[in-house]
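Below, each chain spelled out in residue letters.
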Amino acid sequence: MGMTITEKIIAAHSGHQEISAGQFVYADVDICLGNDITAPIAIEQFETLGVEKVFNPDSIVLVPDHFTPNKDIKSAQNSKLLREFALKHQIKNYFEVGRVGIEHVLLPEQGIVVPGDLVIGADSHTCTYGAMGIFSTGVGSTDLAACYATGKVWLKVPETIKFIFNGKLNEWVSGKDLILHVIGDIGVDGARYKAMEFSGSVITDLSMDDRLAMCNMAIEAGAKNGIIEPDDCTENYVNGRAQREYKFYSSDADCEYHEIHEYDVSALSPQVALPNLPENVRPVEELSDITIDQVVIGSCTNGRISDLRIAAQILKDKKIHPSIRLIVIPGTQDVYLEALKEGLIEVFIKAEGVVSTPTCGPCLGGHMGILAEGERALSTTNRNFAGRMGHPRSEVYLSNPAVAAASAVTGKITHPEKIN
Amino acid sequence: MINGKSWKYGDNVNTDEIIPARYLNTTNEKELAAHCMEDIDPEFVNKAVEGDIIVAGDNFGCGSSREHAPISIKALGISCVIAKSFARIFFRNAINIGLPIFESEKAGIEISDGDSVKVDINSNIITNLTTNKEYSFTPFADEMKDIIKAGGLMEYIKVNYCSS
C-alpha cells in the first residue's frame, strides 16, 4: 500500500519506512512557531522543566504579531518575555516590531519553512504552510514547550480526505472561495482530525498566495493539516527564498484516502461565509442587501501582495462609502513596502481607508478595529464566530479581498463585477 | 472518580466563547478562570462550583489553539468536559495540561443541564445519576494514557527526556 504525502512526511520525521493512518508517533520537528499569545505559556512551561538549553535554537521561531505593536501593558510584558527568551537561548528567528509580520505570511515569505518540513505552531492557522508541500499543524503551548526541550511532538497520523477541483475559475474567484465552498459543503467539523489534500487542474493553475489562503483555512473544517503536492509553482516560489534544503514529496498512486470529493468549480461565484460559522457559505449575489459598517482586508489568510493588488484594482480612483470604515493590513513589512512601491497604499488612502502596520489585530478582536455592539464587518479573515472581532453581539462575514473592496465602495455586500 | 453537576452546551462551542481574545494578554490562571465561558454564558463563573462538569455536543473547543481555553476551565475547578466530540487542538491541549475530557456520543446527547454525573475513569463508565443511565467513552490510545498518567505532557517529558 502506498502512502499519502502527509504520511510520507510524518514517516520521514519519525524514523519509519512506512506509516499508516491512526499510528501514534513522536516526530522530529523542523520548525516550531509561537506568537505573543501562545509562546508566553510555552516559555513558562519550559522553565518548569529545569532544562538549561533548548533542544535546537534554530528550530524555534518567535513571532509577536497578535497584539503588537503592544496594545497594552500586559501585552508588552508578554512581548518582553519572548524577547528575553530569544536573547537567552540565541534564537535568531525572533522578529521585533519593524521586522515582524503576520506569522503565516512571514514564514513562507522568508523561506523559514520549506517543502518537506514537519512544522508545528502554537497557532491554529499553522496549517497554512501545507500549500508548500509541508506537513504543518496547529498545537498548543505545552506542545511547544515540550518541543523546545525535546525537538519532538506527539502525533497521530491522520487519515486523508482528497479534494479534486476541476474546471476553470471565473474572474474574481480565488483560493479563498474554493476553501469557503469546501467548508460550506463538509461543515466546520467535516475534516476533524483529518488531512485535507487539495488537487486537480484548478489547483495546478492557482498561485502560491491563493494556495496559502486555502490551506490556511483547513482548520476551519476541523482538519489537522491542509496540503498540496509541490510542483513548478512551488519551485518558483521557494527558489531563492528557502533558507534550508528542501524536498518535494507526493502521494503514491495506490495510497489510501478516507474520502474523495470532486468539484467542478467553473460556475462558482465569490463565496461569503455568514455569521457565526465559516460553514454558513452563500454565493455573494444572494447577499446584496446586507449592509456593513467595517471592511478588513488583511490577515494570515489574505494579507499577501496579490490580495492587496486585487483590492487596489477595485478601489483605484474611488472613495469608499461614507458609512464604511476600511482597514487594510499588509501581512509583512515586505508586503507593505511592495504595496507602497506599486502605489497600492496611495490607492487605499485616497479611497479613505486606513493602512495599518502588520498585525493580526482585528481578526481575533485584539486591537486595530474592534466592533461595537450590533456592528457588522465584512472581512478577508478566516473566522466569524460570534463576537470574534469585538462585542459578543457584533457580526463578521468572510469573503475574498475583491468582494471586500467592492463592498467597501457600496456599503453593502457586493459582487466585484458590479464595480466599474 | 469524578462526580459533579452538569452544565450543558450545544455543538461547536469555540475557544473565542470559552475565553475571548480580550483576555489573552495574560497567562495568569486565576484571571483566565474569572472569564471562563464568558461569551457563551456570562453567568457561568458565578453559577458553576468546584467539581462541576461541562457537557457539550460536537466539536467542543473548535477554533484557535489557545491553551488559555482548557486552562480557564481547569483553573475554575471544572472536573472534566464530556462531549460528543472534541476539536483536535483543544483535545491535545486538555491531555497535555491534565484536564480530563471524555468523548461520548450518547452522553453528549442525553445528559441534561443540571444532571448529576459520575465518571469512573478506571472502568471507562460515565453514569448519569439523575436518570440512572450509563455510557461508555472512547478509550485513549496507550501513548496518550502514558501522558495522562504522568499528569500532563510536562511531567511526562520530565521523566522520559529530562532525567537522563
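This is a predicted model, so every value here is computed, not measured.

Rules used in this analysis
- Residues numbered from 1 in each chain as written.
- Chains lettered and ligands numbered in written order.
- Predicted model: local features only at pLDDT ≥ 70, side-chain atom pairs only at ≥ 80, totals over all residues.
- Heavy atoms only, no water.
- Contact = heavy atoms within 4.5 Å.
- Salt bridge = Lys/Arg side-chain N within 4 Å of Asp/Glu carboxyl O.
- Polar contact = N/O pair within 3.5 Å; in protein donor to acceptor, adjacent residues only side chain to side chain.
- Helix = DSSP H or I, 4+ residues; strand = E, 2+ residues; numbered from the N terminus.
- Nonpolar A, V, L, I, M, F, W, Y, C, P; charged D, E, K, R; others polar.
- Core = buried A, V, L, I, M, F, W, Y, C linked by side-chain atoms within 4.5 Å.
- Buried < 20%, exposed > 50% of the residue type's maximum accessible area, 1.4 Å probe, protein only.
- Domains from an automatic or database assignment.
- Buried area = accessible area lost by both parts, 1.4 Å probe.

## A short note on the interface of chain A and chain B
Point 1. The partner chain B presents 44 residues to the 51 residues of chain A that form the contact.
Point 2. Run the count over chain A and chain B and you get 3 salt bridges.
Point 3. Where D16 of chain B meets R388 of chain A, a salt bridge forms, and the shortest distance between an N and an O atom there is 3.0 Å.
Point 4. Linking chain A with chain B are 20 residue pairs in polar contact (both at pLDDT 80 or more).
Point 5. It is helix α5 (residues 141-150) of chain A that contributes the most residues to the side of chain A that touches chain B, 6 residues altogether.
Point 6. Grouping the amino acids of the side of chain A that touches chain B by side-chain chemistry returns 23 nonpolar, 15 polar and 13 charged.

## Looking at the nonpolar core
Point 1. Core analysis: the biggest nonpolar cluster contains 124 residues, and L62, L118 and Y148 of chain A together with F60, I73 and F90 of chain B have the highest contact counts within it.
Point 2. Those residues in contact with F90 of chain B, other than ones at most four positions away along the chain, are I18, F60, G61, A69, P70, I73, L99 and I101 of chain B.

## Examining the domain arrangement of chain A
Residue and element names in this part refer to chain A.
Point 1. Domain annotation of chain A identifies domain 1 (5-262) and domain 2 (273-418).
Point 2. When each unit is reduced to the centre of its C-alpha atoms, the spacing between domain 1 and domain 2 is 24 Å.
Point 3. Interface area, domain 1 with domain 2, both sides summed: about 3,000 Å², of which 61% is carbon and sulfur.
Point 4. The largest per-residue losses of area from domain 1 upon contact with domain 2 belong to I102, W172 and K176, which jointly make up 25% of the total buried on that side.
Point 5. Joining domain 1 to domain 2, the criterion identifies 1 salt bridge.
Point 6. When the shortest N-O distance is used, the salt bridge between R383 and E220 registers 3.1 Å.

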